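Chains, contacts and geometry: an overview
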Amino acid sequence: MSKIIQLKGRGIVVRGNDLDTDRIIPARYLKEVAFGNMGQYPFYDERFGADGEKKKHPFNDERFSGASILLVNKNFGCGSSREHAPQALMRWGIKAIVGESFAQIFAGNCTMLGIPTLVASPDEINLLMELVEEHPNHLLEVDVQKNMITVDKHEITATMNASAQNALTEGTWDSASLLLSAKDKIKEVATQLPYFNNFGDGQ
Amino acid sequence: MTKQTLFDKVWDMHTVRTLPTGQTQLFIGLHLIHEVTSPQAFQMLAERGLGVLYPNHTLATVDHIVPTAFQHRPFSDMLAETMMRELEKNVKKAGIRFLDLSSGKQGIVHIIGPELGLTQPGMIIACGDSHTSTHGAFGCIAFGIGTSQVRDVLATQCLAVTRPKVRKIVVKGKLHKGVYAKDVILRIIQQLGVYGGIGYAYEYAGPVVETMTMEERMTMCNMSIEGGATVGYINPDQTTFAYMKGREFAPTGEAWDKALTFWKFIASDTDARYDDIIEIDGKQLEPMVTWGINPGQAIGISQKIPTISSFKADDQKTASLTLQHMQFKEGESVLGKKIDVAFIGSCTNSRISDLREAARIVRGKKVASHVKAIVVPGSQAVKKAAEAEGLDAVFKAAGFEWREAGCSMCLGMNSDKLVGNQLCASSSNRNFIGRQGSPTGRTLLMSPAMVAVCAIEGRVADVRAHV
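These lines cover the structure that appears in this document, whether it is placed above or below. (Residues numbered from 1 in each chain as written. Chains lettered and ligands numbered in written order. Predicted model: local features only at pLDDT ≥ 70, side-chain atom pairs only at ≥ 80, totals over all residues. Heavy atoms only, no water.)

Next up on the list: the overall build of chain B. Broken down by element type, chain B carries 15 helices and 19 strands. For 467 residues, the compact-globule formula gives about 23 Å, and the C-alpha radius of gyration of chain B, at 21 Å, lands near that figure. Along the first, second and third principal axes, the C-alpha set of chain B runs to 55 × 55 × 45 Å. Burial statistics for chain B: of 467 residues in total, 67% are counted as buried. Surface exposure of chain B reaches about 15600 Å², of which carbon and sulfur atoms provide 51%. Charged side chains of chain B number 51 positive and 45 negative; the gap between the two group centres comes to 1 Å. (Helix = DSSP H or I, 4+ residues; strand = E, 2+ residues; numbered from the N terminus. Rg over C-alpha atoms; globule rule 2.2 N^0.38 Å. Buried < 20%, exposed > 50% of the residue type's maximum accessible area, 1.4 Å probe, protein only. Areas by Shrake-Rupley, 256 points an atom, 1.4 Å probe, with all protein chains shown as cover. Lys, Arg positive; Asp, Glu negative; His and termini not counted. Charge placed at Lys NZ, Arg CZ, Asp CG, Glu CD.)

The structure is reproduced here in structure tokens:
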């Protein structure tokens, strides 16, 4: 599995606090048994009207096409646990998200997909947003190891959940095999937990 | 061992090891799956050649996409039919117990776990649905997960997770008539904010919580996630034990005695240490209603919608966007707003006690002629129990539609959806833009009793005049 240490790309700005996962991907697009098509759906109802006509939205804006670093505000991804939300963003092209704060399940889902979620202060996020809106062609550099975002001459120090950071930079973010490597210990806990064995009732 | 919270004890007991990342490898005692967030997880397993480690400790049901009017197979919605078939295929192959539509036990996953006695104190429960926090009502650590995590649980019965802090929320005093568990949790979210719980597990305590029934406790814990806390729990007590007794999957005989000892042991010590403690006065509460696009945007029914300028500078833009979507004005009252739809259902409020209270209010009355009103019981068992008491007849006589069990209009994944900018009085948990199936639809969250009153009046009204 790849180590995610540094990411470079153009930015895209989606402003607003408490942007929930229903807005990131409306529930009707969850009716698929695979994630393959999810890249078509991010922010669908904010991008398209009832007759499919395009609305004004950063994800429809030519200036941001090909962008991979998403800039957001507070409590991004709140609501449903649907992994479809980060899947939709990732499959659209997003590789990292930088914001004021993230909802917990959303951030956890991002980590599982190898998408770092970095947190910076409201002022710094605003600065980054203004820079990107003004110069959408400028490259942002996200250093996951150093918790640093660089654009033009600006260097912004961010924070990140330490274990998510470790998982990404060590390449253990896809956790299934890591967890399975402790099979004996898993069995030990399973044996010790009274309810897992019906409290000794051999049904 | 003293000074430990329930959270500490249960977490430690389920800790397999500390991972090199600093996360905990946490053992999951009960895994619940449904049709929307599991098919991709089974695909991931297949791609990696992994099997299901403990198939007997995963339970499947179908809730999100099931139609609640006509359930004949194949479903008329082919996308829903495909999801259904995929789940049927996956559970059969893996040997996972599946409570399907023909079982008589199907329902919203967070309704059936408790009613079958599968949900038990001291467990760690995970499910690919954020309202898994519901099960915390029994003194569990229960939380929602994404699909890659569903894969991990299937393959390893474990998750790599970060330990949260614990905040105790003490609800003092006593609730007035017409004020319900739903109002308490809406008030907590309004006060602490929709992001206030990020990084925390919430322990609900105090006299108001201790005197609640299990169904009321489930309503409280259910909406923890709306306050940002992935976990919300209540210490198990006599109310919990009495609820457990005799449930299909609850322990019996000697095992029951052992279980009881274990359940008593895991409760928080009286001198337990918390990272934070907050007090709320139950006597101050009135029926709550949301006016906005997240569950924290709530007010007491007699209060006015806040003015834009009363918000912090960085929240003002969101507030004006909210009012624009809701077609409301700052400073006005929600009371009296004409509603189009009334929805009683969802994993928050579709249990038998919710239906009884709503039925008590609508008995002998008529739904306003311009209102579409539906009742969607949380499970087949709830539906059956309600019909045995004649509640279905009460609702139907009043003009409500009486449906089959499912998530329904809480999230609009079946044909139960708002149309255009309809305003819906809803007993569900989320008033997000587009949540109820129409991008311009508008949701007012409230208790099921309040929804019943709104349906009759045809506009937002105060339930206290009816109790």
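Anyway, onward from the coordinates.
Of all hydrophobic cores here, the largest spans 231 residues; its most connected members are F76(A), I97(A) and F395(B). In terms of residue count, helix α15 (residues 448-457) of chain B provides more of this core than any other element does, eight residues in total. Once residues lying within four places of it in the same chain are set aside, the contact partners of I97(A) are L70(A), V72(A), F76(A), L89(A), F102(A), F106(A), C110(A), I115(A), P116(A), T117(A) and L118(A). Membership of the second largest hydrophobic core comes to eight residues, among which are F343(B), I374(B), V376(B) and L418(B). (Core = buried A, V, L, I, M, F, W, Y, C linked by side-chain atoms within 4.5 Å. Contact = heavy atoms within 4.5 Å.)

Contact with chain A, which involves 60 residues of that partner, is made by 84 residues of chain B. Seen at the junction of chain A and chain B, the total is six salt bridges. Residue D77(B) pairs with K31(A) through a salt bridge whose shortest N-O separation is 2.5 Å. Linking chain A to chain B there are 30 residue pairs in polar contact (both at pLDDT 80 or more). (Salt bridge = Lys/Arg side-chain N within 4 Å of Asp/Glu carboxyl O. Polar contact = N/O pair within 3.5 Å; in protein donor to acceptor, adjacent residues only side chain to side chain.)

What follows deals with the sheet that holds strand β11 (residues 231-233) of chain B. All names here are of chain B. If you walk across this open sheet you meet the four strands as β11-β10-β9-β12, and the pairing is parallel. Taken across any chain shown, the strands that pair with only one partner, and hence form the sheet edges, are β11 and β12 (276-281). Between one strand and the next, the sheet's axes are offset by a mean angle of 20°, whatever the strand orientation. The pairing of strand β9 (residues 165-172) with strand β10 (residues 200-205) spans six bridges and is classified as parallel. For R167, the partnering residue across the bridge sits in β10 and is Y202. (Pairing = 2+ DSSP bridges. Axes fitted to C-alpha atoms, helices over the stretch in contact; angles between N-to-C directions.)

Read these as spatial facts, not as claims about activity.
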